[in-house]
Amino acid sequence: MLLAMDIGNTNTVLGLFKDDQLIDEWRIRTDVNTTVDEYGIAIRSLFAAHAHPIEEVRHVIISCVVPPVLNALERFCSKYFNIAPIIVGPGIRTGMPIFYDNPKEVGADRIVNAIAAYELYKKALIVVDFGTATTFDYVSDRGEYMGGVISPGIMISCEALFFKTSKLPRVEIFARPRSVLGKTTITSMNAGIVYGYAGLVEGIINRMKREVNADIKVVATGGLALLIASECPAIDEVDDHLTLRGLRIIFERNRKDQ
């Protein structure tokens, strides 16, 4: 089995593959202070709770945008699996040309998402990832990574609103507003957050489409993708497992080195 790990700024997503099938996934908090043995306890517990034999893990691939945790993860893989994991980064075969002024600056998760989306649809794409930051990445119809946009994530935007406005309460944003015309402070904030962010996403996508002047499919992923996509007609598909699928593809392209 293959364990795929996507370490984001807020959460770490784990996906367990048997051959090419994703058989389970988990989400844990990313913490730069997590020790090797704390990773061992957490991941062993997840496997045991779902009756997956951890000793059947033969390969691990990691995508990480939080460099301080990499050392602990590599030592975790060595201690608990006796495996040297594949780390997505410079020197890894991706099969995707990267047209960025400095390709090393592109977050590993952005490349992983782009590869998964292009492998799935084989056409020009915009991939929107709703993470700590929201990223918009353009892939050409030839499968080339051409660049994109990074904007503050919806949770970062909310935290700024709550922090800077002492009289406004924290609100639940994980639900579709009943109306754009709020009748209370909370419903007004809920509408502003959801519809406002949907407008941001729609606006950026439309600008990207005009600039590249191509027939583009828009694929979204990430924790709040479904909520925003429901209010954003420019998004064509939502794929919660896009990053994990991309990690499996990159693993297969580098497997002979294992």
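Located above this text is the structure these notes cover.
Since we're looking at a predicted model, the values are computed, not measured.

Undergrad: I tried to follow the overall build of the protein on my own but got confused; where do I start?
TA: Counting its regular elements, the protein contains seven helices and 10 strands. At 19 Å, the protein has a C-alpha radius of gyration in line with the 18 Å of a compact globule built from 258 residues. Overall size of the protein, expressed as C-alpha extent along the three principal axes, is 60 × 45 × 30 Å. Expressed as a percentage of its 258 residues, the buried residues of the protein come to 48%. Considering only residue pairs separated by 6 or more positions, the protein has 58% of its internal contacts joining residues 24 or more positions apart. When the accessible surface of the protein is split by element, carbon and sulfur atoms take 51% of a total near 13300 Å². Taking the average place of the 28 positive charges on the side chains of the protein and the average place of its 31 negative ones, the gap between the two points comes to 3 Å.

Undergrad: How should I be thinking about the environment of Asp-240 in this particular structure?
TA: Mapped onto the elements, Asp-240 comes out in the loop between strand 10 (237-238) and helix 7 (242-254). Separated by 14 residues in sequence, Asp-240 and Asn-254 have C-alpha atoms that sit 24 Å apart. When sequence neighbours within four positions are dropped, the list of residues in contact with Asp-240 reads Thr-221, Gly-222 and Leu-226.

Undergrad: How should I be thinking about the sheet that holds strand 1 (residues 2-7) in this particular structure?
TA: Strand pairing in a sheet takes place through backbone hydrogen bonds and is either antiparallel or parallel in direction. Read across the sheet, five strands follow the order 3-2-1-4-5 without closing on themselves; strand pairing throughout is mixed. The two strands at the open ends of the sheet, each matched to only one other strand, are strand 3 (21-29) and strand 5 (86-87). As judged from the six bridges shared by strand 1 and strand 2 (residues 11-18), these two strands associate in the antiparallel manner. Bridge pairing in strand 2 links Ile-7 to Thr-12.

Undergrad: I tried to follow the sheet that holds strand 10 on my own but got confused; where do I start?
TA: Strand order in this open sheet of five strands is 8-7-6-9-10, and the pairing throughout is mixed. The open sheet is flanked by strand 8 (145-152) and strand 10, the only strands paired with a single partner. Bridge count between strand 6 (residues 125-130) and strand 9 (residues 217-222): six bridges; the pairing is parallel. Its bridge partner being in strand 9, Leu-125 is matched across the sheet by Lys-217.

Undergrad: Could you clarify how one ought to interpret the environment of Val-238 in this entry?
TA: Note on placement: Val-238 falls in strand 10. Sequence separation between Val-238 and Asp-129 is 109 residues, and the spatial gap between their C-alpha atoms is 9.9 Å. Once residues lying within four places of it in the same chain are set aside, the contact partners of Val-238 are Ala-220, Ala-225, Leu-226 and Ala-229.

Undergrad: Mind showing me how you'd approach the state of the cysteines here?
TA: By definition, a disulfide links the sulfur atoms of two cysteines through a covalent bond. Counted under the stated rule, the structure contains zero disulfides. Distance from the sulfur of Cys-158, which forms no disulfide, to the nearest cysteine sulfur (Cys-232) is 16 Å. Given the relative accessible area of 3%, Cys-158 is considered buried.

Undergrad: Explain the pairing of strand 8 to me, please; I cannot follow it from the model alone.
TA: Walk down a regular strand and you will see the side chains alternate between the two sheet faces. Both strand 7 (residues 133-139) and strand 8 contribute to a ladder of seven bridges, which runs antiparallel. Paired with Ala-133 across the bridge in strand 8 is Pro-152. Where strand 7 folds back on strand 8, the antiparallel hairpin that results is connected by five residues, among which Gly-143 adopts a positive phi of roughly 80 degrees.

Here is what the cut-offs are and how they apply
- Residues numbered from 1 in each chain as written.
- Predicted model: local features only at pLDDT ≥ 70, side-chain atom pairs only at ≥ 80, totals over all residues.
- Heavy atoms only, no water.
- Helix = DSSP H or I, 4+ residues; strand = E, 2+ residues; numbered from the N terminus.
- Rg over C-alpha atoms; globule rule 2.2 N^0.38 Å.
- Buried < 20%, exposed > 50% of the residue type's maximum accessible area, 1.4 Å probe, protein only.
- Contact = heavy atoms within 4.5 Å.
- Areas by Shrake-Rupley, 256 points an atom, 1.4 Å probe, with all protein chains shown as cover.
- Lys, Arg positive; Asp, Glu negative; His and termini not counted.
- Charge placed at Lys NZ, Arg CZ, Asp CG, Glu CD.
- Pairing = 2+ DSSP bridges.
- Disulfide = S-S within 2.5 Å.

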